[in-house]
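The chain contents come next:
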Amino acid sequence: MAAPVLEMEGISKGFPGVQALQDVSFRLFPGEVHGLMGENGAGKSTLIKVLTGVHTADAGLVTIDDVDTLIRGPLHAQRLGISTVYQEVNLCPNLSVAENIFIGREPRRFGRIDWKQINRRATELLARLGLDLDVTAQLGSCSLAVQQLIAIVRAVDLKAKVLILDEPTSSLDRGEVARLFSVMRRLKADGVAILFVSHFLEQIYEICDRVTVLRNGGLVGEYPIGELSRLDLVAKMTGQELTALEELDEASPDVVKGERLLALEGVGRTGAIDPVDLDLHAGEVVGFAGLLGSGRSELARLIFGADSADTGVIRTGGGPVALKGPRAAIDQGIAFCPEDRKGDGLIMDLTVEENIILALQVSRGWLKPLSQRKREELVGSYIKALRIHPPHPYALVKNLSGGNQQKVLLARWLITRPKLLILDEPTRGIDIGAKTEIQKLVVSLAGDGMGVVFISAELEEVLRISHKIEVLRDRRLVAELDNDGTLTPEHILQTIANGAADS
Amino acid sequence: MNRADAPSRHLGILKHSLFWPVTVLIVMLLANVIFTRDFLAIRIEQGHLYGSLIDILLFGAPLILVALGMTMVIATGGVDLSVGATVAISGALACDLIAKGHGLPVAIGAAIGASLLLGLWNGLLVTRLGIQPIIATLILMVAGRGIAQLITGGQIITINNQGYKLIGGGYWLGLPFAIILVAVALVVTVVLTRRTALGLLIESVGGNAQASRLAGIRSSGLIVLAYVFCGLCAGVAGLMISSNTLSADGNNAGLWIELDAILAVVLGGTALTGGRFSLAGTVLGALIIQTLDTTIYTAGIPPRTTLVFSAAVVTIVCLLQSPAFRARFTRKRPERPADPVSTGPKQEVTA
Amino acid sequence: MTTAADVLRRSPVTPNRRHIPVFVTLGLLLLTFSIGSVRYENFGTPQVFLDLFIDNAFLIVVAIGMTFVILTGGIDLSVGSVVALSGMLCAIGTSKLQLPAPLVILFVLLVGTGFGAAMGYMITAFQVQPFITTLAGMFLARGVCLTLSENQISIENGFFDAVALNSLRLPGGNRLSWGAVTALIAVAVAIYVLQWTRLGRNVYAVGGSEQSAMLMGLPAGRTKIQVYAISGFCSALGGVLFALYTLSGDPTHAVGMELDAIAAVVIGGTVLTGGSGYLIGSVLGVLVLGVIKTILSFDGTLSSWWTRIAIGVLLFGFIALQRLIGARRKSRRSAPS
């Protein structure tokens, strides 16, 4: 095998209270796609940040092309040939598409920026990816998936020796993922070393040559992908014999449909989702399946009143209700965990306790504060029940890992004892252990008579826990499928592909 | 540095954020003792309390009041630049009405009413039109002084009304009335925010407005309330200032008080980005600013250089509160040497 | 030499929604100027228009610096004080110390730039909010002014006199002061820097998203220090122009000029959150403020405080307009995804 283009040896990095990386080693060879796997909090992000110079390691060596190197910052990393594309698009929304690709290394003529050349070259680069865009348009006017691809175009054009893709696929649909993979294969053929982070196991097996597994800041090992079964991989990531998944399969949903909680009649919103008819019952888990942009989140937001509907009526048991805003929905016993935990869900600077009691306190009104004792009791019981770690109510939420943040958000709503719980991508970007816990929780909540709407991009997950699956496509509800045990992800995919034809 | 020490975190952070303001205040007070032996003494003359400490409280009263209102606005993630203008308008209106022969209740009522309206205007610009607070209140900051001058006709209105004098310059129960007024305002604010859930809701809105909405908080009401409260505080402060001199100066009354108030809030450890707020910190911050003025005076430094010292204190306190600054000087700087070499020596400096 | 018009013609961005505020400001300028011309005799002459540049040369220059700072999402409250300090230093240097004027001016510009850079450093390295840092800077500069002298110092210097009393003669018997010429050159340079250099584009990038700019490998910290240094330089240059204009230094000069500068930038269509706006808009903003003041001075019956009220009303109008455009764009953006 050729010499590694990049080698990290004995890397350690600590933050106040957390040892994020402990003596981790990592090798990357030219012309390979290398998966970096681990649960949240395993140290993947920290390792990447050390590699891109955002953090400096407390100890350890980084060797690039056999030269000991201290990476001083993102710019320096880029100069060394290390480019990164992050999960959240890190481009400037106020600049043009072309400028986002070239900023920092704009071609210049007579000392000044050559805009013509920038626009021409940007158009060419995007065309190679099959993207036909107005490169002078503001980036902010493009869809998130397109922005992601633009970020990759930027990274690729930086003549990178090492390309880091940090969960680039979490907001792409299947077609876009396929396009990304074809680009990755070509880069690989050109000898670029690609470090690929993804939570989707299928993608890892489809594209990667080798994987490195991290757990709790330590190195578990490095394996050729062909020699590692999925179960082994998951076991190594979680550090336990993973029987939880099968367990859940056995606890497969019994349909105990309760009273009708909500009926949507022609509820829609221009530009978000076409009018929808939908019944939601107590004790029932309804899965929303569809690709990104299919309208699944938009529909959830309408049900919660986060956006207001232009058309249609929503009825509860007691007749039609006007859900003007989240507060009205909460008063009807509806709860909503949004997809964007950090932006729409939690208040990062407040404590776990404050975040958990927030919704309950809001519905009590500000004049009736919960007593200290009551708070401790309530919050303590949910921290215990959901196994929130660290189990301390006064920890700041921003210091928790993604999975634990998601649990805090769940606790906020469970504490209000809602009749209908809407979960938008509750398991996205969190580790497998927490994921299974949340899936189990959903099943048991429904068993206790709560209505649940479960939205996820992972069809397997939706299938596993839903009684009924609403398939959305292109902002339309195209089919309603009963999950009678015979449904497979392929069925759903076919429904999405064929539109409303069969149901 | 035991920031990760979770159990003591709640109390620890409170102590932490007020530690520097308290220290600075104590150092300044002690420095005064060097210049004036009996600086800390409080004596009773004719049933009234006198002394330098009382003076600091008295002269600082309007600032504390304005800063209290400012704290609430800043906690929602906003800022109110128009408080100086509100101070001027409130004083101008009250004095103008008194000078025209109206009674005290009418004058004070009108001034307070106007202040509430100005606060409401700011609040509506921020919530209804969704204008960034710093800009929304800039409008009134610019226009407000024009309005105050319009009321006074560009003149300084002087009045002679002993009842009005009580607000800012009179005594009640042996204490300057202004101090009592501020103490009441402080207690009311603390009770309203910390004995109810109002404080939590405001911190939540200031911390993340979008998430707060999805948690069911109707933030516009809270935000408007904060601006109205801030307007009210500024209005009362305006009455105090004009009552103290029994005159209204549309051009200079409350000049730059918005900056001092924001400073007081920041010195007290409340971040300008909103969220967590500390009323005790704000009062401390305002007292630091006022004590600084007094110190310069008692130390015999020419008053015109006051601003240089203000700048120095602001810089020092802000730097002390800056985690980046503290990290640089408390640790032995393990990271990012100033001019590292790209190859060669490795990063095991601390190993 | 690249002129402003030349640069504008080859503007890298085609006209779009983002240019609307600038055109509105231009329209407003024409409108107010026409109103003045109709209402008052001798108003609608080229010289009155040129006087706008002459009387506001220092504000134009200060607004340039403020535009750079605001484009990054920051704010600089120290500009008025730095203008006053620069004027004081000019007066003391030339008239008390009898130093050669070019040397004094060079020194003043260096002080201003260094002052701005120091504030930028504090903001970047120690993450102290710009509002607070520049507030401290405002106190410091004003305090130093007052410490240097409590009174006005008049400038008696051959160079200053010569520059102040002479002017550029234009066809038609009109004239433009050298201060105004300096301001226009500064505008042209600034437009070039913003649109055609990496520094300028970094300013926009940092204003759009500082986090992204940093991760894209742009020198975000350095850019922020640079914009405050530029603002310090512009304030110092503005101070020199102010000293030329008044032939004196006074510790109470330019009190509140930061508000005028911010108002001009906002009226010129630059968004205070950063990342969006054009320098030419700020210049138009200054001219609009200038026209209002000119109208008040032509009309003897209006009191001076109406200026402030008028500026407030204008600010409100423009901010409401920005909101309108911004809200529409946002609703367009949130529709897909």
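Structure shown above.
Since this is a predicted model, take the numbers as computed values, not measurements.

Asker: Just to check I follow, could you spell out the pattern of salt bridges for this structure?
Answerer: Close approach of charged atoms lets side chains of opposite charge pair. According to the stated counting rule, one finds 27 salt bridges over all chains in the structure shown. Note that Glu45(B) and Arg43(B) form a salt bridge whose closest N and O atoms lie 2.9 Å from each other. Residue classification places Glu45(B) among the partly exposed residues on the basis of a relative accessible area of 36%. Of the charged contacts in the structure, one is a salt bridge between Asp96(B) and Lys100(B), with a shortest N-O distance of 2.8 Å. A cluster of three or more residues bridged by salt bridges with shared partners is formed by Arg27(A), Glu32(A), Arg210(A) and Glu222(A).

Asker: Would you take a moment to explain the interface of chain C and chain A for this structure?
Answerer: A common way to report how large an interface is uses the accessible area buried once the components associate. In this complex, chain C contributes 29 residues to the contact, which on the side of chain A involves 30 residues. The largest share of the area that chain C buries against chain A comes from Arg198(C), Leu215(C) and Met216(C), three residues that together contribute 27% of it. Applying the counting criterion to the chain C and chain A interface returns two salt bridges. Linking Glu99(A) and Arg201(C) is a salt bridge whose minimum nitrogen-to-oxygen distance equals 2.5 Å. On inspection of chain C and its partner chain A, the count reaches nine residue pairs in polar contact (both at pLDDT 80 or more). Where the side of chain C that touches chain A is concerned, the elements lending two or more residues are helix H8 (178-196), helix H9 (198-208), helix H10 (210-215) and helix H14 (305-334) of chain C. Counting residues per element, the side of chain C that touches chain A draws most heavily on H9(C), which supplies seven residues.

Asker: It is not clear to me how the sheet that holds strand S6 (residues 82-85) of chain A should be interpreted in this structure. Could you clarify?
Answerer: Each strand in a sheet pairs with another by means of backbone hydrogen bonds, the pair being arranged parallel or else antiparallel. Residue and element names in this part refer to chain A. Strands sit in the order S6-S9-S10-S3-S11-S12 across an open sheet of six strands; the sheet is mixed. Looking at strand neighbours, the two that pair on one side only are S6 and strand S12 (218-224), the edges of this open sheet. For this sheet, the mean inter-axis angle between neighbouring strands, taken without regard to orientation, is 20 degrees. Packing against the sheet, helix H6 (residues 174-189) makes contact with strand S3 (33-37), strand S9 (162-166) and strand S10 (193-197), and its axis sits at approximately 150 degrees to S10.

Asker: Please clarify how unusual backbone geometry should be interpreted in this entry.
Answerer: Note: most peptide bonds trans; most residues except glycine with negative phi. Backbone torsion omega between His389(A) and Pro390(A) reads 0 degrees, so that peptide bond is classified as cis. Looking at the element boundaries, Pro390(A) is found in the loop between helix H14 (372-385) and helix H15 (402-414). Phi is positive for Glu425(A), close to 50 degrees, though the residue is something other than glycine. Following the sequence through the fold, Glu425(A) ends up in the loop between strand S19 (420-424) and helix H16 (432-447). When its relative accessible area of 5% is taken as the criterion, Glu425(A) is described as buried. The phi dihedral of Leu246(B) is positive, around 50 degrees, even though this residue is not glycine. Its location among the elements puts Leu246(B) in the loop between helix H10 (219-245) and strand S6 (247-249). Classification of Leu246(B) by relative accessible area gives buried; the value is 12%.

Asker: Please clarify how the interface of chain A and chain B should be interpreted in this entry.
Answerer: Listed per partner, the contact involves 53 residues of chain A and 37 residues of chain B. Of the roughly 3,800 Å² buried where chain A meets chain B, counting both sides, 60% is carbon and sulfur surface. On the chain A side of the contact with chain B, Leu70(A), Arg72(A) and Trp366(A) bury the most area, a combined 17% of that side's loss. For the interface between chain A and chain B, the tally reads one salt bridge. Residue Arg276(B) pairs with Glu354(A) through a salt bridge whose shortest N-O separation is 2.5 Å. Applying the counting rule to chain A against chain B returns six residue pairs in polar contact (both at pLDDT 80 or more). Among the elements of the structure, strand S4 (59-64), strand S5 (67-68), helix H10 (296-304), helix H11 (326-331), helix H12 (341-345), helix H13 (352-364) and H15 of chain A are those that each provide at least two residues to the side of chain A that touches chain B. Among the elements that make up the side of chain A that touches chain B, the one with the highest residue count is H13(A) (six residues). By residue class, the composition of the side of chain A that touches chain B is 28 nonpolar, 13 polar and twelve charged.

Asker: Just to check I follow, could you spell out the packing of helix H11 (residues 257-267) of chain B against helix H13 (residues 306-321) of chain B for this structure?
Answerer: Between two packed helices, what matters for the description is the angle formed by their axes and the separation of those axes. All names here are of chain B. In the contact formed by H11 and H13, the axes pass within 10 Å of each other and the chain directions differ by 35 degrees. Judged by the sense of rotation from one axis to the other, the crossing of H11 with H13 is left-handed. Residues Leu 263, Val 266 and Leu 267 of H11 form the contact with H13, whose own contacting residues are Val 314, Val 317, Cys 318 and Gln 321. Residue classes in the contact of H11 with H13 are distributed as six nonpolar, one polar and no charged.

Asker: Just to check I follow, could you spell out H16(A) for this structure?
Answerer: Counting along an α-helix, one turn takes 3.6 residues, and residues three or four places apart therefore face a common direction. All names here are of chain A. Over its 16 residues, H16 extends 23 Å from the first C-alpha to the last, a length consistent with the 22 Å expected when each residue adds 1.5 Å. Listed in full, the buried residues belonging to H16 are Ile 432, Gly 433, Ala 434, Lys 435, Thr 436, Ile 438, Gln 439, Leu 441, Val 442, Leu 445 and Ala 446. Positive phi appears at Gly 449, one or two residues downstream of H16, with a value of about 105 degrees.

Asker: Where do I start with the sheet that holds strand S17 (residues 319-321) of chain A in this structure?
Answerer: Residues and elements named next belong to chain A. Read from one edge of the open sheet, four strands run S14-S13-S16-S17, paired in antiparallel fashion. A strand with exactly one partner marks an edge of an open sheet, and here the two such strands are strand S14 (273-281) and S17. The sheet shows a mean angle of 20 degrees between the axes of neighbouring strands, direction not considered. In this sheet, S17 lies alongside strand S16 (residues 311-316) in antiparallel orientation, the contact comprising three bridges. Across the sheet, residue Ile 314 finds its bridge partner in S17, namely Val 321. In the packing of H10 onto the sheet, the strands contacted are strand S13 (260-269), S14 and S16, and the crossing angle to S13 comes to about 120 degrees.

Asker: Is there a simple way to think about a positive patch on the surface in this case?
Answerer: A cluster of basic side chains, namely Arg364(A), Lys368(A), Arg373(A) and Lys374(A), defines a positive patch on the protein surface. When you line up the elements, Arg364(A) lands in helix H13.

Procedures and definitions
Residues numbered from 1 in each chain as written. Chains lettered and ligands numbered in written order. Predicted model: local features only at pLDDT ≥ 70, side-chain atom pairs only at ≥ 80, totals over all residues. Heavy atoms only, no water. Salt bridge = Lys/Arg side-chain N within 4 Å of Asp/Glu carboxyl O. Buried < 20%, exposed > 50% of the residue type's maximum accessible area, 1.4 Å probe, protein only. Contact = heavy atoms within 4.5 Å. Buried area = accessible area lost by both parts, 1.4 Å probe. Polar contact = N/O pair within 3.5 Å; in protein donor to acceptor, adjacent residues only side chain to side chain. Helix = DSSP H or I, 4+ residues; strand = E, 2+ residues; numbered from the N terminus. Pairing = 2+ DSSP bridges. Axes fitted to C-alpha atoms, helices over the stretch in contact; angles between N-to-C directions. Nonpolar A, V, L, I, M, F, W, Y, C, P; charged D, E, K, R; others polar. Left-handed = near helix turned anticlockwise from the far one by under 90°. Expected span 1.5 Å × (residues − 1). Patch = residues over 30% accessible without salt bridge, like charges linked within 9 Å, V, L, I, M, F, W, Y side chains within 5 Å. Areas by Shrake-Rupley, 256 points an atom, 1.4 Å probe, with all protein chains shown as cover. Lys, Arg positive; Asp, Glu negative; His and termini not counted. Charge placed at Lys NZ, Arg CZ, Asp CG, Glu CD.

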